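Chain by chain, the residues run as shown.
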Amino acid sequence: MRPSDHLSVVPPLLESGRAEELPKSGRTLHAVPSPLNETYAVYAASLPDNLTAKRRDVSPDDQLVYFASSEALPLSERRLFVGDTSIIFAALQNLVKTAKESGTDLLQDEGSQRVILKLALDYVNFAKECWIHTAQTSSQPRQIPSDHYRILYTCLSLFVTLYIPGYGLDNAPVGDDLMEWLNVHFIEPSTEEGDHLSSLEHPWGDETFWPYLTRATLRGLSKAATFFLGTLSGHPSGNLQRLSRNLIPLLNTQPKLQAYEAEREFAYASHRWKEKVKTLRIELDTVPELDRHDDYDDWWDRFSDIVGILEGRGEVVHKVCEELGADWKEICVAWGVFVDTRLRRQDLPDVITQVLQDMPPDPTNLEDMIHVALFMGDPYKALDHAAKLDPCSGLTIRDFYVLSYGQYLHADPALWRITVAYMFSCGKIGAKTADEVLERVPLRLHGPASTTTPKTNADGDFNKGDIAGIIKDLNATCHEYEREIVRRTVCRVASQTFVQKKEYGLALSYCSSAEDWAGVGRVVDRILQEYIHAGPEQYTRHVLGIAPSLQTLRANPGAQGVFIHRLMFAVRYAEFHQRLLKQDLQDAAWDLVTMFQDEIAPKSWWGVLLCDAIQLLQYEPTALFSYASACVLLYRLEEVCARTAQGSGEDYLRILEMKLQAHGREVAQQQLQLARLALAKYFARCAMIGTGGTQIIDRRVGPTV
């Protein structure tokens, strides 16, 4: 990832090894940098002394100009990584700016530290995702190998562990945190070794058994260590069996800082645990010399190393790491877990200085050098090595200025089409910025009309034609740049705008276009609210505008039935009131009953419909309901009353209470009693008609919906 010091151009201006011929020919190389990126235009030109001499034998068309770049432009997953991390960087910059303006100390404010830690972990996770992605698709040609992102992942993770601890933990022991980092990024012992040993009948006979067990103990992998200690129950030596049984609970109960509320409690628990380890050492030393060997190895010496690690003997840790082929990192981390359990971040330089005297890092390995600098508490040196590894930058210079120009254009909302055209040319970050612009294009502007601003009415608001025109342009732009999610968001916003203007038909249309079925339900609820607040005449006029949408939505296979069912009720209920207004009472009565029979009416509206039936039940010239229809009304009335008595009145009477503007349930229940009385009189009337009175008129026309 480092810029190239030497660049080769094709075709070659001079043959390799003959660079001295260029000044002899009276020429030199000129390079002109590009204002956009790290690209140079390189060409051969005459030396200053020969500027007056005219070379008539060379045509301008024969002049070669080479374009070379010292940096490889980020492509594919690299561009995604750069773009996503630049967003985190911008968020961090904004946090710093806000803190300066408010006078907040970032290092002392708990909320700010939590935000910084979260942003830092986002950096780590982005590096991890890129590593996993590139590793899984390693067969494809990559601009940057997957190991590059693995190194970024380990370095960023170590930086967060050492330099961005949780709030109030900057002075806490660091051993457990470092051990977790080491086990995540440098896995030892390997899973394959464990699988191999677990498949053996007598694993202690394998040459890798004791190194595996020792490494598992050194890494704090108690589950793996105790599992293989358990296999020693079949070992020929009774002493080893006994010692293994005594060691298992020690490994399982090793104190961890996270398990204690105070460091003092952790220190006390560690001290008591170490006393138990000493007891095991005494027991180990009593094993006779003749029983310290088996047919495969000196098991006593191996077991002694494990106990020495648990005792926190620095020389044992150092010796074991050398024998296992571990590096300086493993010694330093084990030191903070076993030797000095209260090792703090500021104490790490002293430990690593001693370790590096015997185990120096690899100066050719940038990853190793970054780790050393971070352990040493030298972030400046770590940054120097990191810049050689990966000069993480944000946008290209071109994208930076194009987006800046787009932000300038965005100051005039009427220029949104031009604004997003510039932004969509700037990769993923530009596209995301353009998405934000599209989602916030104003659908209503106030002020005097102009050539760039749609005409306004007397109230200063767009009419529905103006708004629909803007939405049409927004949809076209979203289709052009394949921004379907943004298009749906725009349609949802448009629907909300039309609801505010009480253009419910258009609101439903845009909800359908956005496939926002829950939004359809909300629009229908607003329409039904018109009946509550404005009365049946105004409600009926509004529903006339949405009736055509019903057939369209019913034909949509993706529409969710529960919301379409609610819309059907709104239309049928409007038809009912329209017939009432026209005094078409027979058909109105039929509509009322069928809304119950077809189960179209929501239960929350049953009380309203039953109260609507009162005037029809009391109609004197003729009986409007058949006996069976009246029974349907009675059954619904009984269910409402029974459910209300059982505590479900909110589900059945809420809308009726809103209509009556009642603050208590008594008024609504009184209305239901009036409905009951009207039904009782109607049944008495039906009984009289049945003995020779006028017959009930049947439905004469079919339903309109």
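In case you missed it, the structure is sitting above this.
A.B. asks: Even after reading the chapter, I still don't get the nonpolar core, so can you show me in this structure?
C.D. replies: For soluble globular proteins, nonpolar side chains are generally found buried alongside one another. Ranked by internal contacts, the top residues of the largest apolar core, which has 89 residues, are Tyr 539, Phe 569, Tyr 573, Trp 605, Leu 609, Leu 616 and Phe 625. Residue contributions to this core peak at 10 residues, all from helix 29 (residues 627-660). Ranked by size, the runner-up nonpolar core spans 76 residues in total, among them Trp 204, Trp 273, Trp 300 and Val 333.

A.B. asks: It is not clear to me how unusual backbone geometry should be interpreted in this structure. Could you clarify?
C.D. replies: A negative phi angle characterises most non-glycine residues, just as the trans form characterises most peptide bonds. Put simply, Glu 188 and Pro 189 share a cis peptide bond, and its omega is -10°. Within the secondary structure, Pro 189 sits in the loop between helix 5 (175-185) and helix 6 (191-198). Its identity is not glycine, yet Lys 502 carries a phi of approximately 60°, on the positive side. Residue position: Lys 502 is located in the loop between helix 21 (484-500) and helix 22 (504-513). Not every positive phi belongs to a glycine, and Gln 583 is a case in point at roughly 65°.

A.B. asks: Please explain the packing of aromatic side chains as it appears in this structure.
C.D. replies: The relation between two aromatic rings is expressed through the spacing of the ring centres and the mutual angle of the planes. By the definition in use, this model includes 23 aromatic pairs. Both rings, one in Tyr 531 and one in Trp 605, keep their centres 5.9 Å apart while their planes meet at 45°; by these two values the pair is tilted. One end of the pair, Tyr 531, is in helix 23 (residues 517-534); the other, Trp 605, is in the loop between helix 27 (585-597) and helix 28 (606-617), and 74 residues separate them in sequence. The pair formed by Tyr 531 and Trp 605 is uniform in burial state, with each residue classed as buried. A ring pair is formed by Phe 625 and Tyr 682, whose centres lie 6.0 Å apart and whose planes are at 85°; its orientation type is edge-to-face. On the criterion of sequence distance, the pair formed by Phe 625 in the loop between helix 28 and helix 29 and Tyr 682 in helix 30 (residues 665-690) is long-range, its members being 57 residues apart. Like Tyr 682, Phe 625 is buried. An aromatic cluster is present here, built from Tyr 531, Tyr 539, Phe 569, Tyr 573, Phe 576 and Trp 605 joined pairwise through their rings. The positively charged end of Arg 292 is found above the aromatic ring belonging to Trp 300, 3.9 Å away from the centroid. The positively charged end of Arg 636 is found above the aromatic ring belonging to Trp 606, 5.1 Å away from the centroid.

About the cut-offs
- Residues numbered from 1 in each chain as written.
- Predicted model: local features only at pLDDT ≥ 70, side-chain atom pairs only at ≥ 80, totals over all residues.
- Heavy atoms only, no water.
- Core = buried A, V, L, I, M, F, W, Y, C linked by side-chain atoms within 4.5 Å.
- Buried < 20%, exposed > 50% of the residue type's maximum accessible area, 1.4 Å probe, protein only.
- Helix = DSSP H or I, 4+ residues; strand = E, 2+ residues; numbered from the N terminus.
- Phe/Tyr/Trp six-rings, centres within 6.5 Å; stacked < 30°, edge-to-face > 60°.
- Lys NZ or Arg CZ within 6 Å of the ring centre and 35° of its normal.

By themselves, these are just geometric observations and shouldn't be taken as functional.
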